[in-house]
Each structure stands twice: as C-alpha cells, then as structure tokens.
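Inside the fold
If you want the building blocks of each chain, they are given just below.
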Amino acid sequence: MLSNIRIVLVQTYHPGNIGASARAMKTMGLTDLVLVNPRCFPDSEASRLAAGAEDVIDGARVVESLEEAVSDCVQVVGASARLRSLPLPHFDEPEAMARELVTNAADDPVALVFGRERFGLTNDEIRCCSHQVSIPANPDYGILNLSQAVQVLAYETFKAWRQRPESLYRQPRPVEERQPAREQLDHFHAHLGRVMQASGFLTQPHARTEAQLQALFARARPSRKELSLLRGLLRSLEESAKGD
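As the structure is a prediction and not an experimental result, all values here were calculated from the model. (Residues numbered from 1 in each chain as written. Predicted model: local features only at pLDDT ≥ 70, side-chain atom pairs only at ≥ 80, totals over all residues. Heavy atoms only, no water.)

**Examining the overall build of the chain**
Inclusion rule: Helix numbering and strand numbering both begin at the N terminus, where a helix is a DSSP run of H or I of at least 4 residues and a strand a DSSP run of E of at least 2. It is over C-alpha atoms that the radius of gyration is taken, and the globule rule equals 2.2 Å times the number of residues to the power 0.38. With a 1.4 Å probe rolled over the protein chains alone, any residue whose accessible area is under 20% of its type maximum counts as buried; one over 50% counts as exposed, and the rest are partly exposed. The contact definition used throughout considers only heavy atoms, calling two residues in contact when any of these lie within 4.5 Å. Throughout, the Shrake-Rupley method with a 1.4 Å probe supplies accessible areas, and for residues the shown protein chains are the sole cover considered. Counting rule applied: Lys, Arg positive; Asp, Glu negative; His and chain ends not counted. One atom stands in for each charge, and that atom is NZ of Lys, CZ of Arg, CG of Asp or CD of Glu.
Counting its regular elements, the chain contains 10 helices and 7 strands. The globule rule puts the C-alpha radius of gyration for 244 residues at 18 Å, and the 28 Å found for the chain is more than 25% above it. For the C-alpha atoms alone, the extent of the chain along its principal axes is close to 90 × 40 × 40 Å. By the burial criterion, 40% of the 244 residues in the chain qualify as buried. Pairs at least 24 apart in sequence give 81% of the contacts found in the chain among residues at least 6 apart. Accessible surface, the chain as shown: approximately 14,200 Å² in total, 51% of it carbon and sulfur. If the 28 positive side-chain charges of the chain are averaged to one point and the 31 negative ones to another, these points end up 7 Å apart.

Below, the structure is given as structure tokens:
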C-alpha cells in the first residue's frame, strides 16, 4: 500500500530540499519520489542531505510536467498554504486526508504534490489535483520549509496506514530490550548454580533454593541486556574467587 503513495515535488529550487524530503519520506516508509523540472538534479547536495535515504534519491524520476507525474493516479492531493478560488474538495485536517489517501492507495497509485519553496503551486497546477490539503499552523507564522511539509503529511499518511488492521505494523524493539530465549535463561541459571556452589552459598545441590531463584527471575522478566549484565557479574565473581 505504501508503495502506491507518491510524493511529487514541483520545480524545487534548492537541491538540498530534495534530499531532506527524501529523508522525510523514508522515515515514513515512502519511496516513490517524482520531480517535476527541478532546477538542479542530480546534485551532491541532494544526496548529502538525504542522509541515509540515498536509495530514494537514486530511484527518483524526473518528468517535465505535473500532468505526466500524476497521470496514473486516482487521487492527487495538492499541499497548499493558501486557499485558492478553485472549487476543489479541501481537507482542513491532514489526518482526514491521510485516511482517504491510504484507502485509495490500497488498489491504485495516489499522489501528494508539493510546490515551489517560495510560492507553492500555481492555479494551473492545482487544477491537476483532485483535492487540496493545508497544514494547520500558527496564523501569525505558518511558514513551513518544503521538507517539513513533506514530513508532516508523510507522517499522517504513515499513521493512517499503520492503524489499519491489515498493515500488521508492530513497533520494533531494540534487541537489548527483548526477552531472552529459553536457552539463554537456562544457561544463566546453570551459571548461577555453579557460582552458588563455588562460593559456598550452597554446600550441596538444593532444588528448592534453585527453584525459588528461578521463580524470582521469572517474575522479574529481565531483558536480554539485563541478563547479560547478570552473567557479567557472575563471571566477575568467579574471576575474583580464582584470584583469592
């Protein structure tokens, strides 16, 4: 579904804004970037500011007109800070726009269109769109950088996608925060048992004590990182005993 969501930048003046927009896209799972008559592209500044999203830059397509960029799209939403006189459906909230856009993207390509840094989209370009959307902002200073606008709408789109049951989205956790495997726990308890025996805490195998300690750690549910820390403590105690 996300692969059907296209970001279109019209006549971008600063190549750095293309790179920053690519980075904003990639953080939200979007990869389809189309550039309409950019002033300078390819450009090293675009690649530099992509900062890890160079694949989005490398895969970007350059076309000569907005019509060409969106010809296969079933919904085209133009981002505009200024409301035009054209009678296009307008989304006052990006969240509502994103829900509809994602629904349409389930079956067909859709597009989010962003205009020039200084004055956005022209009326003729707005006519190529099926909808408009504005980003609510401070009425006294509602100016967003191009890549900031891309980030906001890309985030709303990604949020609408991950909230759909079929997205099966799950926030990945760092390895160190994940629960240890059964085998890792078994090695830890065996290690703990050896240290207790060697230290004299247990003079003979004592199943009840070891079972109580296993129950204690089962309740504590140490993470992999915490279990590694405990194993390090046990190894240190072993080395200290050898030194004595």
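Moving on, there is more to tell.
**Some thoughts on the pairing of strand E4 (residues 75-79)**
As a reminder, the rule being used: Whether two strands pair comes down to DSSP finding at least two bridges between them.
The element E4 is largely enclosed, with a buried count of 5 among its 5 residues. In E4, alternate side chains face the same way, and those of Gln75, Val77 and Ala79 on one face and Val76 and Gly78 on the other are all buried. Where E4 meets strand E7 (residues 131-133), 3 bridges bridge the pair, whose relative direction is parallel. The partner of Gly78 across the bridge, within E7, is Gln132.

**Here's the deal with the environment of Ile5**
Residue position: Ile5 is located in strand E1 (residues 5-10). Judged by relative accessible area, which is 0%, Ile5 ranks as buried. Expressed as a C-alpha distance, the spacing of Ile5 and Leu30, which sit 25 residues apart in the sequence, is 6.9 Å. Not counting residues up to four positions away in its chain, the partners in contact with Ile5 are Leu30, Asp32, Leu101, Val102, Ala105, Val110 and Thr157.

**Considerations on the pairing of strand E6 (residues 110-114)**
Buried residues dominate E6, accounting for 5 of its 5 residues. Of the two faces of E6, the one holding Val110, Leu112 and Phe114 and the one holding Ala111 and Val113 are both buried throughout. Strand direction decides the pairing type here: E1 and E6, joined by 5 bridges, are parallel. What sits directly across from Val8, in E6, is Val113. Relative to E6, E4 runs parallel, the two sharing 4 bridges. Opposite Gln75, over in E6, you have Val110 as the bridge partner.

**Details of the side chain of Glu156**
The following threshold applies: For the purposes of these results, a polar contact is taken to be a pair of N or O atoms within 3.5 Å, where, inside protein, one atom must be able to donate a hydrogen and its partner to accept one; residues adjacent in sequence count only when each atom of the pair is a side-chain atom.
Secondary-structure assignment places Glu156 in helix H7 (residues 146-162). Among the polar contacts made by the side chain of Glu156, one reaches the side chain of Lys159 at a distance of 3.3 Å.

**Re the packing of helix H1 (residues 15-27) against H7**
Rules: In this description, a line fitted to the C-alpha atoms serves as the axis of each element, helices being fitted only across the stretch in contact, and the angle between N-to-C directions of two axes falls anywhere from 0 to 180 degrees. Reported orientations rely on four angle classes, namely roughly parallel under 35 degrees, roughly antiparallel over 145, roughly perpendicular from 65 to 115, and oblique for the rest. Two helices crossing with the near one rotated counterclockwise from the far one by less than a right angle form a left-handed crossing, whereas a clockwise rotation gives a right-handed crossing. Following the grouping adopted for this structure description, the nonpolar residues are Ala, Val, Leu, Ile, Met, Phe, Trp, Tyr, Cys and Pro, the charged ones are Asp, Glu, Lys and Arg, and the polar ones are all others, Gly among them.
Relative orientation of the contacting elements H1 and H7 amounts to 15°, with a least axis distance of 8 Å. Taken together, the axis directions place H1 and H7 in an arrangement best described as roughly parallel. With respect to the hand of their crossing, H1 and H7 are arranged in right-handed fashion. Side by side, H1 and H7 meet where Asn17, Ala20, Ser21, Ala24, Met25 and Thr27 of the first sit next to Leu146, Ser147, Val150, Gln151 and Ala154 of the second. The class makeup of the residues in the contact of H1 with H7 is 6 nonpolar, 5 polar and no charged.

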